[in-house]
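Geometric and topological summary
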Amino acid sequence: MAQYGKTAYWDERYTKDPEPFDWYQRYSGVRDLIAQYIKKEDNILVAGCGNSRLSEDLYEDGYSSIANIDISRVVIDQMTDKYKEKPALTWQQMNVCSLEFPDESYDAVIGKATMDAVLCGEGSTANIAKMCSEVSRVLNGSGVFFIVSYGVPDNRLNYLENDDYAWTVTVHTVPKPTVSATAVPDTKDANSVHYVYVCQKGAGGQVAE
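All values derive from a computational prediction rather than experimental measurement.

1. Overview of the overall build of the protein chain
Across its full length, the protein chain carries seven helices and seven strands. In the protein chain, the order of α-helices and β-strands from amino to carboxyl end is α-α-β-α-β-α-β-β-α-α-β-α-β-β. Residues classed as buried in the protein chain amount to 46% of the 209 residues present. In the form shown here, the protein chain has an accessible surface area of approximately 10300 Å², with 48% of it arising from carbon and sulfur atoms.

2. Re the packing of helix 1 (residues 7-16) against helix 4 (residues 73-82)
Following both chains from N to C, one finds helix 1 and helix 4 inclined at 40 degrees, their axes separated by 7 Å at the closest point. Here helix 1 is positioned oblique relative to helix 4, judged by the angle of their axes. Facing helix 1, whose interface residues are Asp 11, Tyr 14 and Thr 15, helix 4 presents Arg 73, Val 74, Val 75 and Gln 78. Counted by class, the contact of helix 1 with helix 4 contains three nonpolar, two polar and two charged residues.

3. Looking at the confidence of the model for the protein chain
Considering every residue of the protein chain, the mean pLDDT works out to 88; 89% of them sit at 70 or more. This model gives residues 205-209 a pLDDT under 50, and the stretch forms ten contacts once residues within four places in sequence are excluded.

4. A word on the side chain of Asp 42
Within the element layout of this structure, Asp 42 appears in the loop between helix 2 (27-37) and strand 1 (43-47). Of note is the side chain of Asp 42, whose polar atom sits 2.9 Å from the backbone nitrogen of Lys 39. Apart from residues no more than four positions distant in its own chain, Asp 42 is found in contact with Ser 65 and Asp 107.

5. Some points on the environment of Tyr 165
Tracing the backbone through its elements, the reader meets Tyr 165 in the loop between helix 7 (153-160) and strand 6 (167-175). Spatially, the C-alpha atom of Tyr 165 lies 8.6 Å from that of Val 135, the residues being 30 residues apart in sequence. Residue contacts for Tyr 165: discarding those within four places in its chain leaves Ala 129, Cys 132, Ser 133, Ser 136, Tyr 159, Leu 160 and Lys 201.

6. Regarding the environment of Thr 15
If you trace the backbone, Thr 15 turns up in helix 1. Exposure remark for Thr 15: the relative accessible area of 54% places this residue in the exposed category. The sequence separation of Thr 15 and Val 74 amounts to 59 residues, and the corresponding C-alpha distance is 6.7 Å. Residues contacting Thr 15, with those up to four places away along its chain left out, are Val 74 and Gln 78.

7. Considerations on the state of the cysteines
Throughout the structure, instances matching the rule amount to zero disulfides. Of the cysteine sulfurs around Cys 97, a residue in no disulfide, the closest is that of Cys 132, at 9.0 Å. Cys 199 takes part in no disulfide bond, and the closest cysteine sulfur, belonging to Cys 132, lies 6.7 Å away.

8. As for the pairing of strand 6
The buried fraction of strand 6 amounts to seven of the nine residues, a majority that puts the element mostly inside the structure. Relative to strand 7 (residues 193-201), strand 6 runs antiparallel, the two being bridged by nine bridges. Pairing of His 172 across the sheet is with Val 196, part of strand 7.

9. What to know about the sheet that holds strand 1
Strand order in the open sheet formed by seven strands is 3-2-1-4-5-7-6, with mixed pairing between adjacent strands. The open sheet is flanked by strand 3 (89-93) and strand 6, the only strands paired with a single partner. Within this sheet the neighbouring strands show an average axis-to-axis angle of 20 degrees, counted without direction. Relative to strand 2 (residues 65-70), strand 1 runs parallel, the two sharing five bridges. Bridge pairing in strand 2 places Ile 44 opposite Ile 66. Across the sheet, helix 4 lies against strand 2 and strand 3, angled at about 160 degrees from strand 3, the strand it touches most.

10. Quick look at the packing of aromatic side chains
Within a pair of aromatic rings, the relevant descriptors are the distance that separates the centres and the angle that separates the planes. Throughout the structure, instances matching the rule amount to seven aromatic pairs. An aromatic cluster is present here, built from Trp 23, Tyr 24 and Tyr 150 joined pairwise through their rings. One Lys or Arg, Lys 40, reaches over the ring of Tyr 63 and ends 5.4 Å from the middle of that ring. Just above the ring of Tyr 150 sits the side chain of Arg 156; from NZ or CZ to the centre is 5.3 Å.

Quick notes on the rules
Residues numbered from 1 in each chain as written. Predicted model: local features only at pLDDT ≥ 70, side-chain atom pairs only at ≥ 80, totals over all residues. Heavy atoms only, no water. Helix = DSSP H or I, 4+ residues; strand = E, 2+ residues; numbered from the N terminus. Buried < 20%, exposed > 50% of the residue type's maximum accessible area, 1.4 Å probe, protein only. Areas by Shrake-Rupley, 256 points an atom, 1.4 Å probe, with all protein chains shown as cover. Axes fitted to C-alpha atoms, helices over the stretch in contact; angles between N-to-C directions. Parallel < 35°, antiparallel > 145°, perpendicular 65-115°, else oblique. Contact = heavy atoms within 4.5 Å. Nonpolar A, V, L, I, M, F, W, Y, C, P; charged D, E, K, R; others polar. pLDDT = per-residue confidence, 0-100. Polar contact = N/O pair within 3.5 Å; in protein donor to acceptor, adjacent residues only side chain to side chain. Disulfide = S-S within 2.5 Å. Pairing = 2+ DSSP bridges. Phe/Tyr/Trp six-rings, centres within 6.5 Å; stacked < 30°, edge-to-face > 60°. Lys NZ or Arg CZ within 6 Å of the ring centre and 35° of its normal.

Next up, the structure:
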């Protein structure tokens, strides 16, 4: 797992396998939750975009302003070329722990598997703190950080629930995609769900679902 925290791993992976790949969930699995927190006209940053179809699916669903960043120059070049006919989608090589955007630039930041990848690297605790601090900085006063993770709340909330970030965290679960369409997931089994952590700035207390 440690390789997931290294830029060289991702550059090599995307060079060898440029086919689109979605970690954990396709857009359809989190669409309703995204719609609950993020408006179609919001200025959105997808952090750690990889070559997921998420941004394309958001665009096709009516979200009109989607910036994408990834630590891998290789995948950013691939995606820039692939989506050159869609100017609403922008692509930049950037580290989520050191964002090059002005304060309060975005209404929403989406990170699907990004937090988990950062946690795989060296100095993970410090880097997660940098990531959260940077995301909080670029979100506006009512902005939302939408995180999709395999990590359980007992672990992930230790990183996310911090007064420094000026946000309130709500936890949702979504069933893992199943090979069999007939399989009914048990949402009480941690192995059968992914977690969505919604960090809302300027929000009052929220009840976890």
